[in-house]
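In case you want the letters, here they are:
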There are 4 protein chains.
Amino acid sequence: MKKYSFYNDYSEGAHQSILDMLSQTNLVQEPGYGLDSISLEAADLIKKAVSANVDVHFISGGTQANLTVIASILRPYEGVIAAKTGHIAVHEAGAIESTGHKILAVESADGKLTVDLIKSQLTDDEHMVKPKLVFISNATELGTIYNEQELKEISEFCKQHDLYLYMDGARLASGLMSSASDLDLPKVAKYVDIFYIGGTKNGALIGEAIVIVNDQLKKEFRYHLKQRGALLAKGKLLGIQFKALFTNNLYFEIAKHANVMAEKLTNGMKQLNIKFLAESTTNQIFPILSNDQIKKLEEMYGFYVWAKVDENSSAIRLVTSWATEEKMVDEFLSDLKALV
Amino acid sequence: MKKYSFYNDYSEGAHQSILDMLSQTNLVQEPGYGLDSISLEAADLIKKAVSANVDVHFISGGTQANLTVIASILRPYEGVIAAKTGHIAVHEAGAIESTGHKILAVESADGKLTVDLIKSQLTDDEHMVKPKLVFISNATELGTIYNEQELKEISEFCKQHDLYLYMDGARLASGLMSSASDLDLPKVAKYVDIFYIGGTKNGALIGEAIVIVNDQLKKEFRYHLKQRGALLAKGKLLGIQFKALFTNNLYFEIAKHANVMAEKLTNGMKQLNIKFLAESTTNQIFPILSNDQIKKLEEMYGFYVWAKVDENSSAIRLVTSWATEEKMVDEFLSDLKALV
Amino acid sequence: MKKYSFYNDYSEGAHQSILDMLSQTNLVQEPGYGLDSISLEAADLIKKAVSANVDVHFISGGTQANLTVIASILRPYEGVIAAKTGHIAVHEAGAIESTGHKILAVESADGKLTVDLIKSQLTDDEHMVKPKLVFISNATELGTIYNEQELKEISEFCKQHDLYLYMDGARLASGLMSSASDLDLPKVAKYVDIFYIGGTKNGALIGEAIVIVNDQLKKEFRYHLKQRGALLAKGKLLGIQFKALFTNNLYFEIAKHANVMAEKLTNGMKQLNIKFLAESTTNQIFPILSNDQIKKLEEMYGFYVWAKVDENSSAIRLVTSWATEEKMVDEFLSDLKALV
Amino acid sequence: MKKYSFYNDYSEGAHQSILDMLSQTNLVQEPGYGLDSISLEAADLIKKAVSANVDVHFISGGTQANLTVIASILRPYEGVIAAKTGHIAVHEAGAIESTGHKILAVESADGKLTVDLIKSQLTDDEHMVKPKLVFISNATELGTIYNEQELKEISEFCKQHDLYLYMDGARLASGLMSSASDLDLPKVAKYVDIFYIGGTKNGALIGEAIVIVNDQLKKEFRYHLKQRGALLAKGKLLGIQFKALFTNNLYFEIAKHANVMAEKLTNGMKQLNIKFLAESTTNQIFPILSNDQIKKLEEMYGFYVWAKVDENSSAIRLVTSWATEEKMVDEFLSDLKALV
């Protein structure tokens, strides 16, 4: 029996305020398929938070969001540029290809795209897939983030080259609340054509909010949702969660907690002279430990061994969340200290 | 402001026992993607209820279940036979075709398939789609049900002709609890290759349980789930609901309530000499009213006008659920009586 | 050993002028993929024949043309309206569904669509496939044709309802050269958004010419061709055939021959008081014979038994072509007379 | 006006013996869709040449062959491993992804796969695409070839790991006739599950012969052909070409000529101390020239500039074919000598 799990940020259930709202609204009769009053309220709260004339649609999970969004944008021969570590390129079991589209995957050490990396994929050879969409994650799958200047450069390049820009926000809350971030929701909406605000990994039971900024991408989006099996009959389940999360700044407050816990882990380990695979300021961190230390830690804690570094050591992944208990962070550091 | 909605069986939230279990298990750390202890328990409860060596997978909704199941079974040139009123043939926005497969839709007055109707679609012309799967719903989209003899005949015909048989169980609880039904879960599992047990329309917030009976269809099914965006990170949300529903026979008890409420409506209307579009013994009924009566009822109650019958009258659809209040049924009948 | 085959219009090879041009140009080095000088010339000849500013692309066969065209036009949730007898709805092994799109098939006694039939399929329910394209064949799969008034009405209705109109021209030559036709290529181009001119069934070895009239459908069409495996390396094979066919009116002259042969068969059989399944003025005819007559004819001639009419009789299909020999038509009529 | 084109091996038409057979059989009536007597004969000739109990299907081109074969084998979540330079990974405009499948592309300097490269892609993580098919080309897109030992090792590894092995034989003739090759058709059939014999790039007007060795992959393959638009009505056009090519060893004789011409070019350039990008013993060669030399050569000859080597020089691609005239090879070498 392990003491605690740092496996991921979806190990627990939902923030209490979500459960409360579920109970309070449980027996109110509402229209189905996301047309209920609570989903409409939640969408309005997000529009306010984004400060732009956007369309908002709620959906069950990240892979579903990615496949529905990407397939809604591309013509059959068009493809999507992504970092090789991008979630769509690795951990979606071919969901994007299943909708008919190639992912043009680019090597990137830190999980981020740059204008140069995007440029390297452009072509107008009609025997090749035509790049039309750029996929970025913020925070990335390696815990890194984009700053405003980087995002602005990519955005401008995309506009110049008739490319759409899409941000996967599975961990957007943690990304925006990073102490190193100078971005916020209105700035994200300013630079990208479409993005999603992740709920599952930040306090919801389920749910992501797709935010469509570019008018050209808004048309008949609900048909896409329906066709992909993503239009829930009891759509208010999704609306309730985002209403709760976007009330009293809850969404950002709890992400901040996750980041603070990760920072505490990071600082504690740095004091033990532990190195890291990547510089993360978000809720995923990648310390490098000896195989022996890892073996002993695994008896006490849950986490993934992420990547082999050399014969004797590997990077592990520790993930914190809105629910991570500070005392367990302390205990982990204390247990680790005993092994170093 | 209307008094009450008979629009559908997904107008409310979840049965209280589900909300309770959600709260109780909320902060227990669990593995993701349906590998949590509660989902495993729920699957075991269903295996017991089905009395067969089946695989069980939980999924968000019915369209998602249908597209994932059907696409998992068929080779590219194979198609699925369904009644023209079948959910997949009408109300899934082309979800099945989106996975590459033709639906061979057959006219059927009562929403049911028969051996003869299935036979009419068979062909081995290599210029045509090859039928490989038969899709039936129980209860059907018109509220009708299959009895054991009918299901047995279809099942035997399918086996003889190398066809798989799939039952859409969005309203399986209501179908099996119909006073006219001689089927139960073990019998369903005996006759079909794969089916799903609907939760959304019978007390869950969200969720259907796919039950794979035929060993040939079990292999690597979780890959399909992942690829279709159907593998929820917090899969325990689904497990919790089916654990609650399959504890103390709750799933069937609440479906019985829905049926009793529909029966009460039916009997009350028959006393008023009202005719019906179809003979339903489940939770959807289709009384035929004059356009004038409909107009007045619509001011007080929510329901769909289903089909025009002649210049002066139409069939409406009334749907009851686990949450339908008996006093509202009485009030509806009383209000209707005043209009006749 | 049978005397002659009336099975279809692709039983023989190519018109001699095509073989001659193949030989003459065989060793001239040319660019690949349809960018050769002969394909460009052929496209110009077609543009002149059509009298409109169209794009022309050559492709191997009819199913390939249909799937490439339809998939190039539709967004994922959009569908195509067709007669139930339409080639795409029956004899393409699900090629259209394979690209993700539903065919909304409408009953039609004579293989033709009308404004009323199209209207019956329109809907803006986001749970259903959205009709966006209308598919018609001319001549139809039953040998019938559209006149200008009929085509004009459909065209206007499509424009009013934001639908594209596509004509499958596998047997366009026979259709336009029908004695009952008041259409020609420029009129077709005036009324439809996109169509194809069939070569395979009218004197070519292989090849159809896709003609895109509507500017909105022209963009990057060659990418679609490439992706569907339809861009032939030695594209000049296709160009040569259409250059030959559109030189000296050959395409229409040889279609006229096919029609005259079919008319001769029809008239000869009418003199024998034989009835027909449909009134065809093109190169497919459907006489109704007794089963006994059919059995004896089958020993001498090749043809398909098309549809059972009653216990004692069936309709057969006789197809003539540019290569049908008049003496075999005479012999067939003489042999049939002996059986009546 | 250029003197000669070394652009590719599909710049000309067909070998004369194909044109002759086309003329001789032109007016013989035959069944359609590849069931004609000539296609059956051609298939028999290939079966003899392969010395195995294979199924043979003829198809128009290489991209069509690749997409039809690959989509016929894989279940939705399965993918295909290929070298990053593989034709399917680069120059098919996403044809494979269009059928729903991911290509797992591996870096390879010489265009070949090895057991180690294949092994690097294996995974059984259900969140990732499952590799099920290995795609190799022989000759490769870089002109290199597999020897028997290499092919045997890959074949054995695939069998051990439940992977199918598919060989793209667009340039199989040139590959097998390479002076460095110890493979022949029966050996290829011994080691792979399915492959195709390329006609278009070796003397045909059009056409590839898909050869299915593994019984499991044979079932109902013609349905796949039909659905992909690949079943030509006048299928005998394809049969004729392979009958001609597999009569009197023509297929291999003319490939040998192409290789000899390439070898002559190679040897001539080596005498001029010219280096090569890759060691090719087939009909594609990649000499490295100064940008100045290239510019002058381009005024006289057609060829592609393939890859930048450094600031001052690039590799060009010269392709020879069955039709390459020896005097033009001599003239090219002489013109080049004057530039060195």
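Structural data are supplied above this passage.
Overview of the structure. Values in this document were obtained by computation on a predicted structure and should not be read as measured data. (Residues numbered from 1 in each chain as written. Chains lettered and ligands numbered in written order. Predicted model: local features only at pLDDT ≥ 70, side-chain atom pairs only at ≥ 80, totals over all residues. Heavy atoms only, no water.)

Across a sheet, strands are paired by hydrogen bonds formed along the backbone, either parallel or antiparallel in direction. All names here are of chain C. What the 7 strands build is an open sheet, ordered E2-E8-E7-E6-E5-E3-E4; its pairing is mixed. Among the strands making up the open sheet, the edge pair consists of strand E2 (55–59) and strand E4 (103–106). Each adjacent strand pair in this sheet contributes to an overall mean axis angle of 25°, direction not counted. Where strand E7 (residues 194–198) and strand E8 (residues 208–212) come together, 5 bridges link them in antiparallel fashion. Considered in E8, the bridge of Ile197 is made with Ala209. Contacts from helix H2 (residues 37–50) reach E2, E7 and E8 within the one sheet, and its direction differs from that of E2 by about 125°. (Pairing = 2+ DSSP bridges. Helix = DSSP H or I, 4+ residues; strand = E, 2+ residues; numbered from the N terminus. Axes fitted to C-alpha atoms, helices over the stretch in contact; angles between N-to-C directions. Contact = heavy atoms within 4.5 Å.)

Residue and element names in this part refer to chain A. Among the surface-exposed residues, Leu277, Tyr304, Trp306 and Val309 lie close enough to one another that they form a single nonpolar patch of about 340 Å² accessible area. Here Trp306 lies in strand E12 (residues 304–308). Overall, the relative accessible area of 33% leaves Trp306 in the partly exposed class. (Patch = residues over 30% accessible without salt bridge, like charges linked within 9 Å, V, L, I, M, F, W, Y side chains within 5 Å. Areas by Shrake-Rupley, 256 points an atom, 1.4 Å probe, with all protein chains shown as cover. Salt bridge = Lys/Arg side-chain N within 4 Å of Asp/Glu carboxyl O. Buried < 20%, exposed > 50% of the residue type's maximum accessible area, 1.4 Å probe, protein only.)

All names here are of chain A. Counting buried residues in strand E3 (residues 78–83) gives 6 out of 6 residues, a clear majority hidden from the surface. Burial of E3 is two-sided: the residues Glu78, Val80 and Ala82 facing one way and the residues Gly79, Ile81 and Ala83 facing the other way are all buried. Pairing between E3 and strand E5 (residues 130–137): 4 bridges, direction parallel. Its bridge partner lying in E5, Val80 is registered against Leu133. Where E3 and strand E4 (residues 103–106) come together, 4 bridges link them in parallel fashion. Bridge pairing in E4 places Ile81 opposite Leu104.

Interface size is commonly expressed as the accessible area that is lost once the parts come together. Taken together, the contacts link 45 residues of chain B with 45 residues of chain A. Here chain B packs against chain A, burying approximately 3700 Å² in sum over the two surfaces, 55% of which is carbon and sulfur. Per-residue buried area on chain B facing chain A is highest for Gln29(B), Gln227(B) and Lys234(B); these three make up 20% of the total on that side. Where chain B packs against chain A, one counts 26 residue pairs in polar contact (both at pLDDT 80 or more). Listing elements by their share of the side of chain B that touches chain A, those giving two or more residues are strand E1 (4–5), helix H1 (16–24), helix H3 (62–73), helix H5 (95–98), helix H10 (221–227) and helix H11 (236–245) of chain B. Here the residues of the side of chain B that touches chain A sort into 19 nonpolar, 18 polar and 8 charged. (Buried area = accessible area lost by both parts, 1.4 Å probe. Polar contact = N/O pair within 3.5 Å; in protein donor to acceptor, adjacent residues only side chain to side chain. Nonpolar A, V, L, I, M, F, W, Y, C, P; charged D, E, K, R; others polar.)

So, about the relation of the copies chain A and chain C. For the pair chain A and chain C, the superposition axis carries a translation of 0.0 Å, the fit reaches an RMSD of 0.0 Å, and the rotation angle comes to 180°. Expressed as an axis order, the relation between the two copies is that of a two-fold axis. Of every C-alpha in chain A, the one belonging to Arg75(A) sits nearest the axis of rotation, 3.8 Å from it. Mapped onto chain C, 100% of the interface residues of chain A are again interface residues, and the two copies thus contact each other with one and the same surface. (Least-squares fit on C-alpha atoms with pLDDT ≥ 70 in both.)

What follows deals with the sheet that holds strand E5 (residues 130–137) of chain B. Residue and element names in this part refer to chain B. Strand order in this open sheet of 7 strands is E2-E8-E7-E6-E5-E3-E4, and the pairing throughout is mixed. Looking at the sheet topology across the chains shown, the edges are occupied by strand E2 (55–59) and strand E4 (103–106). Within the sheet, the average angular offset between the axes of one strand and its neighbour, ignoring direction, is 25°. As defined by bridge partners, strand E6 (residues 164–168) adjoins strand E7 (residues 194–198) across 2 bridges and the pair is classed as parallel. By the bridge assignment, Tyr166 is partnered in E7 with Ile194. Along the sheet, H11 makes contact with E2, E7 and strand E8 (208–212), crossing E2 at roughly 115°.

Looking now at the packing of aromatic side chains. To describe a pair of aromatic rings, you give the distance between the ring centres and the angle between the ring planes. Counted by the stated rule, this structure contains 56 aromatic pairs over all chains. For the pair Tyr10(A) and Tyr33(B), a centre-to-centre distance of 5.3 Å together with 70° between the ring planes defines the contact as edge-to-face. Remark: Tyr33(B) occurs in the loop between H1 and helix H2 (37–50) and Tyr10(A) occurs in the loop between strand E1 (4–5) and helix H1 (16–25); the pair is interchain, linking two chains. Here Tyr10(A) falls in the buried class, since its relative accessible area comes to 9%. Taking the centre distance of 4.8 Å and the plane angle of 25° together, the rings of Tyr77(A) and Tyr223(C) count as stacked. Here Tyr223(C) lies in helix H10 (residues 221–227) and Tyr77(A) lies in the loop between helix H3 (62–73) and E3, a pairing that spans two chains. In terms of burial, Tyr77(A) and Tyr223(C) fall into one category: buried. Grouping aromatic residues by their ring pairs yields a cluster made of Phe58(A), Phe242(A), Phe246(A), Tyr251(A) and Phe252(A). (Phe/Tyr/Trp six-rings, centres within 6.5 Å; stacked < 30°, edge-to-face > 60°.)

Residue position: Thr99(B) is located in the loop between H5 and E4. It is 7.2 Å that separates the C-alpha atoms of Thr99(B) and Leu67(B), two residues lying 32 residues apart in sequence.

Time to look at the interface of chain A and chain C. Taken together, the contacts link 23 residues of chain A with 23 residues of chain C. Of the roughly 2200 Å² buried where chain A meets chain C, counting both sides, 46% is carbon and sulfur surface. Broken down residue by residue, the surface that chain A buries against chain C is led by Tyr77(A), Glu126(A) and Tyr223(A), which jointly contribute 33%. Scanning the region where chain A abuts chain C turns up 4 salt bridges. For Glu220(A), the salt bridge identified is with Lys130(C), shortest N-O distance 2.3 Å. The interface formed by chain A and chain C contains 14 residue pairs in polar contact (both at pLDDT 80 or more).

The next subject is the relation of the copies chain B and chain A. Rotating chain B by 180° about the axis while translating it 0.0 Å along that axis superimposes it on chain A, leaving an RMSD of 0.1 Å. Comparing interface residues between copies, 100% of those in chain B also sit at the interface in chain A, which points to an isologous, same-surface contact.

Residue and element names in this part refer to chain A. A cis amide bond links Asn138 with the next residue in sequence, Ala139, at an omega value of -5°. The residue Ala139 is located in the loop between E5 and helix H7 (148–160) in this model. The phi dihedral of Glu220 falls on the positive side, at around 55°, and the residue is not glycine. Mapped onto the secondary structure, Glu220 falls in the loop between strand E8 (208–212) and helix H10 (221–227).

All right, on to the nonpolar core then. By size, the foremost hydrophobic cluster in this structure holds 126 residues, and its most contacted members are Ile46(C), Phe195(C), Ile197(C), Ile46(D), Phe195(D) and Ile197(D). In contact with Phe195(C), not counting residues within four places along its chain, are Val50(C), Tyr166(C), Met167(C), Leu172(C), Leu185(C), Val188(C), Ala189(C), Ala209(C), Ile210(C), Val211(C) and Val213(C). Of all hydrophobic cores here, the second largest spans 125 residues; its members include Met21(A), Val106(A), Tyr146(A) and Ile240(A). (Core = buried A, V, L, I, M, F, W, Y, C linked by side-chain atoms within 4.5 Å.)

Let us now look at the environment of Glu299(C). Residue and element names in this part refer to chain C. Structurally, Glu299 can be placed in helix H13 (residues 291–300). Residue classification places Glu299 among the exposed residues on the basis of a relative accessible area of 58%. Separated by 298 residues in the primary sequence, Glu299 and Met1 place their C-alpha atoms 8.0 Å from one another. In this structure, Glu299 is in contact with Met1 and Lys2, ignoring residues within four places of it in sequence.

Let us now look at the pairing of E2(C). All names here are of chain C. Burial analysis of E2 places 4 of its 5 residues in the buried class, which makes it a mostly covered element. Summarising the sheet, E2 and E8 pair through 5 bridges and their orientation is antiparallel. Note that in E8 the partner of Val56 across the bridge is Val211.

Inspection of the secondary structure puts Ile46(B) in helix H2. Setting aside chain neighbours within four positions, we find Ile46(B) in contact with Val56(B), Phe58(B), Ile197(B), Ala209(B), Val211(B), Phe242(B) and Phe246(B).

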